[in-house]
Amino acid sequence: MKAPELLLPAGGLERMRAAFDYGADAVYAGTPRYSLRARNNEFAHLPVLEQGISEAHARGKKFFLASNILPHNAKLKTYLADMEPIIAMQPDALIMADPGLIMKVREKWPEIPVHLSVQANTTNAWGVQFWQSIGIERIILSRELSINEIAEIRQQCPDIELEVFVHGALCIAYSGRCLLSGYFNHRDPNQGTCTNACRWDYKVHNTSDSDSGDAQLLRDFDFKQAQSLADESLLGPNEQQRHPLANKVYLIEEANRPGDMMPIMEDEHGTYIMNSKDLRAVEQVAKLAEIGVDSLKVEGRTKSVYYVARAAQVYRRAIDDAVAGKPFDYSLLAELEGLANRGYTTGFLERHQTQEYQNYLSGHSLSKQSQYVGKVTAIDADGWATIEVKNKFSVGDQLEIIHPSGNQIIRLEQMTRKGYPIEVAAGNGFEVKIPQMQGKDKALIARIMMQNEAV
């Protein structure tokens, strides 16, 4: 079995270095003005971008650049001129979605590899074959595909690279083509300025029809009861019956816009304006590697160093275990629980999991939850490490020292601040020192949570 490439997000140099330190084969970042993550992108500054590409190549790693905006005419005028110095830096590929931009890049710089962005929504073998025919080297497949569909595409398209998302945020629109942020804030997700409006706090209200046929608010609506009724199913052995309540128009109210009621309708596929759980497909790594997927991708260019390091370390172990023929290590599920998430799902890759598998999921996820509490910034000759504190921790806590050489769980016996013993590192903004940290330069620190403790 060939090991797929592990591809991690990089929103800046520190996150790029963490990705490589913890096992990534490649990173991807955004080009200035022309990627879908305009905010929190240190690589928008060309000297920083050049340094990132140079460092990656010096380590024998790859650096891909997202240029996957769906541009309006105004941005066409500057695109080729802006890309000129970027192409000169020799990134390993451009990640692109717009056919017009792809055409111009292929004409002007035929030597630069182009990877087709997930924004292009490629869901079938004919689509893959079309893009391959015009010189695309890799297809980043749509998140809406199942593992069986990915396998079919691999079989029908054996000689092109395929990339699949395995971890991170899932969009409630089709592979990111969403209008909510543009509607609410005039910040267009397809121009790189998404405000994640799908993840805001919404309340659902029932409606009745007015005399004119419009939806109007109906008070005293028990949505949980209605949802329970709508979940009652089975008309026949293989046929689902939709409850009449599922065919109604409802109103949603966003927390920061009280009284502003917006109509929404649910169909058999779901309610599209609501928050999605995050993708976690670490348990599907072996299947994807067996299929012959060339690259496994983690989402999150705006996420923290801790997120990048932890995700890289976990998925590196999953890939290495799969290639070595080892059974899946269920403790990897718990390793990802400490990352910021909205609950996890396998997305569209697998529709259902067996009850036995769910027991593994819940058992290991609950057995070791952790919270990121700090990072090592320096270690003195006596082994005392200076910790930049991110969240509260105390003497007596169990801490996990996360390091590329391997992780270690310790019980914190002592801690100092400005030379004086202390019991509690109060939170973000503090610097403290802890002992016996020889060889743990740049380590990340997580606190092991008690089973009944909330993060």
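Residues numbered from 1 in each chain as written. Predicted model: local features only at pLDDT ≥ 70, side-chain atom pairs only at ≥ 80, totals over all residues. Heavy atoms only, no water.

(A) Fine view of the overall build of the chain. On a plain count of helices and strands, the chain comes out with twelve helices and 25 strands. Here the chain, with 455 residues, has 49% of them falling under the buried criterion. In the chain, once contacts between residues fewer than 6 apart in sequence are set aside, the share between residues at least 24 apart is 67%. Per element, the accessible surface of the chain, about 22,200 Å² overall, is 49% carbon and sulfur. (Helix = DSSP H or I, 4+ residues; strand = E, 2+ residues; numbered from the N terminus. Buried < 20%, exposed > 50% of the residue type's maximum accessible area, 1.4 Å probe, protein only. Contact = heavy atoms within 4.5 Å. Areas by Shrake-Rupley, 256 points an atom, 1.4 Å probe, with all protein chains shown as cover.)

(B) Spotlight on the pattern of salt bridges. Taken as a whole and assessed by the stated rule, the structure comprises 21 salt bridges. As a salt-bridge pair, Arg-310 and Glu-400 come within 2.8 Å of each other at their nearest N and O atoms. Here Arg-310 is found in helix α10 (residues 305-323), whereas its partner Glu-400 is found in strand β19 (residues 398-402), with 90 residues between them in sequence. (Salt bridge = Lys/Arg side-chain N within 4 Å of Asp/Glu carboxyl O.)

(C) Local environment of the pairing of strand β17 (residues 385-389). Burial within β17 is extensive, with four of its five residues counted as buried. In this sheet, β17 lies alongside strand β16 (residues 370-379) in antiparallel orientation, the contact comprising five bridges. Looking across to β17, one finds that Ile-379 is bridged to Ala-385. From the end of β16 to the start of β17, which pair antiparallel, there are five residues, and Gly-383 there has a positive phi angle of about 90°. Across four bridges, β17 lies against strand β24 (residues 431-434) in antiparallel orientation. Considered in β24, the bridge of Thr-386 is made with Lys-433. (Pairing = 2+ DSSP bridges.)

(D) Broad picture of helix α2 (residues 46-58). Between its terminal C-alpha atoms α2 stretches 18 Å, which fits the 18 Å expected from 13 residues at 1.5 Å a residue. The set of residues buried in α2 consists of Leu-49, Gly-52, Ile-53 and Ala-56. The buried residues of α2 occupy an angular sector of 95° when projected down its axis, which confines them to one face. Counted as exposed and oriented over 90 degrees from the buried face of α2: Pro-47 and Ala-58. (Expected span 1.5 Å × (residues − 1). Arc of directions from axis to C-beta.)

(E) Inspection of the environment of Pro-9 at higher detail. Mapped onto the secondary structure, Pro-9 falls in strand β1 (residues 5-9). Taking the C-alpha atoms as reference points, Pro-9 and Phe-64, 55 residues apart in sequence, are found 9.7 Å from one another. The contacts of Pro-9, once residues within four sequence positions are left out, are Tyr-28, Val-298, Glu-299, Gly-300, Arg-301 and Val-308.

(F) Spotlight on the side chain of Arg-280. Of note, Arg-280 is situated in strand β13 (residues 278-280). Polar contacts involving the side chain of Arg-280 include one to the side chain of Glu-337, which spans 3.1 Å. (Polar contact = N/O pair within 3.5 Å; in protein donor to acceptor, adjacent residues only side chain to side chain.)

(G) A look at the nonpolar core. Residues Leu-8, Phe-63, Ile-139, Leu-141, Ile-150, Leu-288 and Tyr-315 are the most contacted members of the largest nonpolar core, which totals 95 residues. In terms of residue count, the dominant contributor to this core is α10 (twelve residues). Here this core gathers at least three residues from each of two domains, domain 1 (5-193 + 277-348) and domain 3 (370-448). Among residues more than four places away in sequence, those in contact with Leu-288 are Ile-147, Ile-150, Val-164, Val-166, Val-293 and Leu-296. (Core = buried A, V, L, I, M, F, W, Y, C linked by side-chain atoms within 4.5 Å. Domains from an automatic or database assignment.)

(H) Molecular detail of the environment of Leu-141. Structurally, Leu-141 is set in the loop between β6 (138-140) and α6 (147-156). Between the C-alpha atoms of Leu-141 and Val-128, which are 13 residues apart in sequence, the distance is 8.8 Å.

(I) Main features of the packing of helix α3 (residues 73-88) against helix α4 (residues 99-108). It is the contact of α3 with α4, at a shortest axis distance of 11 Å, that shows an interaxial angle of 40°. Between α3 and α4, the interaxial angle falls into the category oblique. In this structure, α3 crosses over α4, and the sense of that crossing is right-handed. Contacts from Leu-76, Tyr-79, Leu-80 and Glu-84 in α3 reach Leu-101, Lys-104, Val-105 and Lys-108 in α4. Its residues assigned to classes, the contact of α3 with α4 shows five nonpolar, no polar and three charged. (Axes fitted to C-alpha atoms, helices over the stretch in contact; angles between N-to-C directions. Parallel < 35°, antiparallel > 145°, perpendicular 65-115°, else oblique. Left-handed = near helix turned anticlockwise from the far one by under 90°. Nonpolar A, V, L, I, M, F, W, Y, C, P; charged D, E, K, R; others polar.)

(J) Highlighting the packing of aromatic side chains. One pass over the structure, following the stated rule, counts five aromatic pairs. Pairing Phe-43 with Phe-63 gives two aromatic rings, centres 5.4 Å apart and planes at 90°, and the pair type is edge-to-face. Here Phe-43 is found in the loop between β2 (26-30) and α2, whereas its partner Phe-63 is found in strand β3 (residues 62-66), with 20 residues between them in sequence. On the basis of relative accessible area, Phe-43 is assigned to the buried category, the value being 0%. Here Phe-130 and Trp-131 contribute two aromatic rings whose centre-to-centre distance is 5.1 Å and whose plane-to-plane angle is 70°, an arrangement assigned as edge-to-face. Accessibility expressed as a relative area gives 44% for Phe-130, which makes it partly exposed. The exposure class assigned to Trp-131 is buried, which follows from its relative accessible area of 11%. Sitting over the face of the ring of Phe-165, Arg-143 holds its NZ or CZ atom 3.8 Å from the ring centroid. Between the NZ or CZ atom of Lys-297 and the centre of the ring of Tyr-28, over which it lies, the distance is 4.4 Å. (Phe/Tyr/Trp six-rings, centres within 6.5 Å; stacked < 30°, edge-to-face > 60°. Lys NZ or Arg CZ within 6 Å of the ring centre and 35° of its normal.)

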